[in-house]
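# A closer look at the structure
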Amino acid sequence: MKIVSIVGARPNFIKIAAIHRAFKQHSVIQSTLVHTGQHYDACLSTVFFDQLDLPSPDYYLGVGAGTQTQQTAQIMRTFEPVLEAEQPDWVLVVGDVTSTLACALVADQKDVPVAHVEAGLRSGDRRMPEERNRMLTDSLANLLFVTEQAGIDNLKREGVADERIQFVGNVMIDSLVQYRAQANKLNTVQKLGLTPDNYVLMTMHRPANVDREAGLLQIGQIVENTARYKTVVFPLHPRTRANLARMGLLDRLTNMPNARLLEPQGYLEFLNLLEHAAIVITDSGGVQEETTYLRVPCLTLRDSTERPVTVELGTNQLLTELNPQSVQNRVAAILAGRTKQGCIPPLWDGHAATRIARIMSHQAYKR
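Heads up: these notes are all about the structure in this document. Predicted model only: the values in this text are computed from it and were never measured.

### Regarding the overall build of the protein chain
- Helix and strand counts for the protein chain come out as 17 helices and 13 strands.
- Expressed as lengths along the three principal axes of its C-alpha atoms, the size of the protein chain is roughly 60 × 40 × 40 Å.
- Taking all 367 residues of the protein chain together, the buried fraction comes to 59%.
- Of all intrachain contacts in the protein chain linking residues separated by at least 6 positions in sequence, the fraction that spans at least 24 positions is 71%.
- Summed over its atoms, the accessible surface of the protein chain is roughly 14,600 Å², and 48% of this surface lies on carbon and sulfur atoms.

Below, the structure is given as structure tokens:
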């Protein structure tokens, strides 16, 4: 059985690495890897292939930059010949990025079954491109692999048949478990002159937060406030850095006392920084999951989260406004010991990809 798996952006690489490794344990599965090129920067792409032991992709579509509509159209145009050449039995997509939906659309048009990993997640905010990608991909998918109970509930509410839903756990955690020791051997924390539990790690990249001057000014104030307590380590996403530079705010942040601006980090480097942070401030979905597993306090600056288990069971706290004073209050409370202990959600055990591979291999025997 031939499965074409899609990667396009940083979170995809982390998830597909675990799945591709699990597929190799089943002789019945032939795994073909397609990289759309949605993330084409070496810091967000090449380094992940190297660190996660992913083979060079069988196909590289080289989509590059553009609006979401432009990227979607270009991915669809260049992915269609791949499907025609490969004639796969399944297309497997992960997450909620532009590549996820674009390739699912082409597969559906070509009558190729679609498997969606990380299905059923919903923020309730249709303004988010990721939310639209999730919902549309799930409507096309034949098999929906779910990470948490909320995903099952959402899909059932939307009328998805029970036999299409598979609760398998979280493949993001599979990679974390696999590479945690290796990340610690790198000792990025020490190499940067930092002390474990004595810095705050921050990531911000969502358009709602970083595409407006007002949002960037608030982020700058959050960094300044937080730096009064701990060193703030802030790897800058290319989108965030470009917007800061365009709006004339980059120098202010660069020169801020007790703040360390970094280039985007490799997976292993970032994982080491994540594990040893006193607090993480983010707007990333994947970071909410990773901090929950690592039991690191996390403040998520978004109106909503599609990963409610990180709030209900994990260490994540949702701050629905980009409000510097609210963030400062939460930071002070956490550092004073008033924080959530959290627990690891069901099936976040490092074996989600094994379950996916087993289910997919059974599809071969059904043919």
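From this point on, the discussion continues.
### Quick word on the packing of aromatic side chains
- Per the counting criterion, the structure on display carries one aromatic pair.
- Ring centres of tyrosine 179 and tyrosine 267 lie 6.4 Å apart, and the angle between their planes is 90 degrees; this geometry places the pair in the edge-to-face category. In this pair, tyrosine 179 is assigned in helix α7 (residues 171-186) and tyrosine 267 in helix α13 (residues 267-275), connecting sequence segments 88 residues apart. Here tyrosine 179 matches tyrosine 267 in class, with each residue buried.
- In this structure, arginine 10 is placed above the aromatic ring of phenylalanine 270, and the distance from its NZ or CZ to the ring centre is 5.4 Å.

### Quick word on α13
- α13 sits mainly inside the fold: eight of its nine residues count as buried.
- Those residues of α13 lying buried are Tyr267, Leu268, Phe270, Leu271, Asn272, Leu273, Leu274 and Glu275.

### Quick notes on the layout of surface pockets
- Space inside the second largest pocket adds up to approximately 360 Å³.
- Along the wall of the second largest pocket there are 18 residues; nearest its centre are Asp125, Met128, Ala208, Asn209 and Asp303.
- Going through the elements one at a time, α5 (129-140) and α9 (207-210) are the ones with two or more residues in the lining of the second largest pocket.
- The element best represented in the lining of the second largest pocket is α9, accounting for three residues.
- Of the residues belonging to the lining of the second largest pocket, the class tally is seven nonpolar, three polar and eight charged.

### Topic: helix α3 (residues 68-86)
- With 19 residues, α3 extends 26 Å between its outermost C-alpha atoms, agreeing within 8% with the 27 Å of an ideal straight helix rising 1.5 Å per residue.
- Listed as buried for α3 are Gln71, Thr72, Ile75, Thr78, Phe79, Val82, Leu83 and Glu86.
- On its buried face, α3 is in contact with β1 (2-7), β2 (30-35), β3 (59-60), β4 (90-94) and α4 (98-109).

### Observations regarding the sheet that holds strand β9 (residues 231-235)
- The parallel open sheet is built from six strands, whose spatial order is β10-β9-β8-β11-β12-β13. Whereas interior strands pair on both sides, the edge strands pair on one side only; in this sheet they are β10 (259-262) and β13 (316-319). On average, each strand axis in the sheet is tilted by 20 degrees relative to the strand beside it, whichever way the strands run.
- Here three bridges tie strand β11 (residues 279-282) to strand β12 (residues 298-301), and the two strands are oriented parallel to one another.

### Comments concerning the sheet that holds β1
- Strand order in this open sheet of seven strands is β3-β2-β1-β4-β5-β6-β7, and the pairing throughout is parallel. Strands at the two margins of the open sheet, each flanked by one partner only, are β3 and β7 (165-167).
- The sheet strands contacting α4 are β1, β4 and β5 (114-119), and the helix crosses β4 at an angle near 160 degrees.

### Some thoughts on the nonpolar core
- Ranked by internal contacts, the top residues of the largest apolar core, which has 57 residues, are Ile19, Leu92, Ile356 and Met360.
- Ranked by the residues each element gives to this core, the list is headed by helix α1 (residues 10-23), at eight residues.
- Among residues more than four places away in sequence, those in contact with methionine 360 are Met1, Ile3, Phe23, Ile29, Trp90, Ala115, Leu143 and Phe145.
- Ranked by size, the runner-up nonpolar core spans 29 residues in total, among them Met204, Val210, Leu253 and Leu301.

### With respect to the packing of α3 against α4
- Orientation of α3 relative to α4, taken along the N-to-C sense of each, is 45 degrees, at an axis distance of 9 Å. Compared by their axis directions, α3 and α4 come out oblique. Helix-helix and strand crossings are classified by hand; for α3 and α4 the assignment is right-handed. Listed contacts from α4 to Gln68, Gln71, Thr72, Ile75, Met76, Phe79, Glu80 and Leu83 of α3 are Thr98, Ser99, Ala102, Cys103, Leu105, Val106, Ala107 and Gln109.
- Taken together, the residues of the contact of α3 with α4 break down into nine nonpolar, six polar and one charged.

### Quick look at the side chain of aspartate 283
- Tracing the sequence through the fold places aspartate 283 in the loop between β11 and α14 (285-294).
- In this structure aspartate 283 is buried but unpaired, with arginine 206 as the nearest side chain of opposite charge at 4.8 Å.
- Every residue in contact with aspartate 283, bar those within four places of it in the chain, is listed here: Thr203, Met204, His205, Arg206, Asn209, Leu301 and Arg302.

### Describing the environment of valine 117
- Considering the arrangement of structural elements, one finds valine 117 in strand β5.
- Overall, valine 117 belongs to the buried group, its relative accessible area being 3%.
- In this structure valine 117 touches Ile19, Leu92, Val93, Val94, Gly95, Phe145, Val171 and Ile356, once residues within four positions along its chain are discounted.

Calculation notes
Position labels on residues start from 1 in each chain and follow its written sequence. Given that this is a predicted model, residues contribute local features only at a pLDDT of at least 70 and side-chain atom pairs are listed and counted only at 80 or more, while totals for whole chains, interfaces and linings are drawn from all residues. Each side-chain value is derived from all of the structure's non-hydrogen atoms; neither hydrogens nor water enter the calculation. For helices the rule is a DSSP run of H or I covering at least 4 residues; for strands it is a run of E covering at least 2, with both sets numbered from the N terminus onward. Each residue gets one of three labels from its accessible area relative to the maximum for its type: buried under 20%, exposed over 50%, partly exposed in between, using a 1.4 Å probe on protein chains only. Should any heavy atoms of two residues lie within 4.5 Å, those residues are counted as being in contact. Here the open area of atoms and residues is found with the Shrake-Rupley method and a 1.4 Å probe, where only the protein chains shown may cover a residue. Stacked, tilted and edge-to-face are the three classes applied to pairs of Phe, Tyr and Trp rings, where Trp contributes its six-membered ring and a pair requires centres within 6.5 Å; stacked means planes under 30 degrees apart, edge-to-face means over 60, and tilted covers the rest. Charge-over-ring placement is defined geometrically: NZ (Lys) or CZ (Arg) within 6 Å of the ring centre, and within 35 degrees of the ring normal. Think of a 1 Å grid over just the protein atoms. A cavity is a set of points where a 1.4 Å probe fits yet cannot get out, a pocket is an open set with protein on both sides within 12 Å along at least five of seven lines, and lining residues have an atom within 4 Å of a point. Grid points are joined across faces, edges and corners, and a volume is the space filled by probe spheres set on the points. Residues are sorted three ways: Asp, Glu, Lys and Arg are charged, Ala, Val, Leu, Ile, Met, Phe, Trp, Tyr, Cys and Pro are nonpolar, and all the rest, Gly among them, are polar. Expected span, for any helix, means 1.5 Å times one less than how many residues it has. One requirement defines pairing of two strands: DSSP has to find at least two bridges between them. Think of each axis as a best-fit line through the C-alpha atoms, taken over the contacting stretch in the case of a helix, with angles from 0 to 180 degrees between the N-to-C directions. For our purposes a nonpolar core is just a set of buried Ala, Val, Leu, Ile, Met, Phe, Trp, Tyr and Cys residues, chained together by side-chain atoms within 4.5 Å. For classification purposes, an angle smaller than 35 degrees is called roughly parallel, one larger than 145 roughly antiparallel, one from 65 to 115 roughly perpendicular, and anything else oblique. Throughout, a crossing is termed right-handed when the near helix is turned clockwise from the far one, and left-handed when it is turned anticlockwise from it by less than a right angle. His is not counted, nor are the chain ends; Lys and Arg add positive charge and Asp and Glu add negative charge. Within this document, salt bridges are pairs made up of a side-chain nitrogen of Lys or Arg and a carboxyl oxygen of Asp or Glu, the two lying within 4 Å of each other.

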